[in-house]
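Overview (structure and organization)
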Amino acid sequence: MYRRPEYTDISVECGTTSISLFILLCPVVFTGYNESDLILNEVSNNPQCEGTYDKSASPPYVVRFNFPLNMSDACGSVFKTTSTAGTGTNRPGRREHMEVLGMLDNGWFFGTVNTVNVSGLVRSQDPTTGTVTYNTELKYYFSCAYPLEYLINNTRLDV
């Protein structure tokens, strides 16, 4: 399984209280790095944000990152809220409710759906000290999307 890294070498689990990342170790080693050379969102001084070699995984072996889903300690992950228009049909008996929420004359309802995207980057830290290096830089992007209401009601977000 020794090969050059690919963007599909990362798996992401968007959990209810934490986010877990799994990066295939063999391509990392093939490129000249090890698990301690992979840095999550450029946070290198927090042991909770470090990747660990998962020896319990059957081949292929992985580097595992697991960090909490809250804004005060998400290992430098970016929380971005977006709003998009939602749609729904007008049902009989719901007209008053739909008018309050913004029903249009054609019977379609357009509300607002708020989503929080949690994203970041695991990248390699080149151990060489010279100005010129021939090591390939590794970058693994990740992202999880949650309904805003879910994050506010079901998890602790320290804002």
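Shown above is the structure to which this text applies.
Residues numbered from 1 in each chain as written. Predicted model: local features only at pLDDT ≥ 70, side-chain atom pairs only at ≥ 80, totals over all residues. Heavy atoms only, no water.

As a further point, take the packing of aromatic side chains. Evaluation of the coordinates by the stated rule reveals two aromatic pairs. For the pair Tyr-53 and Tyr-61, a centre-to-centre distance of 6.0 Å together with 65 degrees between the ring planes defines the contact as edge-to-face. A relative accessible area of 31% places Tyr-53 in the partly exposed class. (Phe/Tyr/Trp six-rings, centres within 6.5 Å; stacked < 30°, edge-to-face > 60°. Buried < 20%, exposed > 50% of the residue type's maximum accessible area, 1.4 Å probe, protein only.)

Further remarks concern the pattern of salt bridges. Taken as a whole and judged by the stated rule, the model has four salt bridges. Here Glu-42 and Arg-123 are joined by a salt bridge, their closest N and O atoms 3.4 Å apart. Taken together, the residues Glu-42 in the loop between β3 (38–40) and β4 (52–54) and Arg-123 in strand β9 (residues 112–124) connect sequence positions 81 residues apart. On the basis of relative accessibility, which here comes to 59%, the residue Glu-42 falls in the exposed class. Here Arg-64 ties to Asp-54 by a salt bridge, and the two come within 2.3 Å at their closest N and O atoms. With Arg-64 in strand β5 (residues 62–68) and Asp-54 in strand β4, this pair connects stretches of sequence that are 10 residues apart. (Salt bridge = Lys/Arg side-chain N within 4 Å of Asp/Glu carboxyl O. Helix = DSSP H or I, 4+ residues; strand = E, 2+ residues; numbered from the N terminus.)

Here we take up the nonpolar core. Counting 27 residues, the largest nonpolar core has Leu-21 and Leu-40 as the members making the most contacts within it. For this core, the secondary structure elements donating two or more residues are β2 (18–24), α1 (25–30), β3, β5, β9 and β10 (139–147). Among the elements that make up this core, the one with the highest residue count is β10 (four residues). Non-local contacts of Leu-21, meaning those with residues more than four positions away in its chain, are made with Ile-10, Ser-11, Val-12, Leu-40, Val-63, Arg-64, Phe-65, Phe-67, Val-122 and Phe-142. (Core = buried A, V, L, I, M, F, W, Y, C linked by side-chain atoms within 4.5 Å. Contact = heavy atoms within 4.5 Å.)

Attention shifts here to the side chain of Ser-124. Tracing the backbone shows Ser-124 in strand β9. Only 2.9 Å separates the side chain of Ser-124 from the backbone nitrogen of Leu-138, close enough to count as a polar contact. Setting aside residues up to four positions removed in sequence, Ser-124 forms contacts with Tyr-33, Asp-37, Leu-38, Thr-136, Glu-137 and Leu-138. (Polar contact = N/O pair within 3.5 Å; in protein donor to acceptor, adjacent residues only side chain to side chain.)

The next thing to look at is the state of the cysteines. Taken as a whole and judged by the stated rule, the model has two disulfides. Through a disulfide, Cys-14 is tied to Cys-144; the S-S separation comes to 2.0 Å. Measuring the twist about the S-S bond at about -85 degrees, one finds the Cys-14-Cys-144 disulfide to be left-handed. Here Cys-144 lies in strand β10 and Cys-14 lies in strand β1 (residues 10–14), a separation of 130 residues in the sequence. You can call Cys-144 buried: its relative accessible area is 1%. (Disulfide = S-S within 2.5 Å.)

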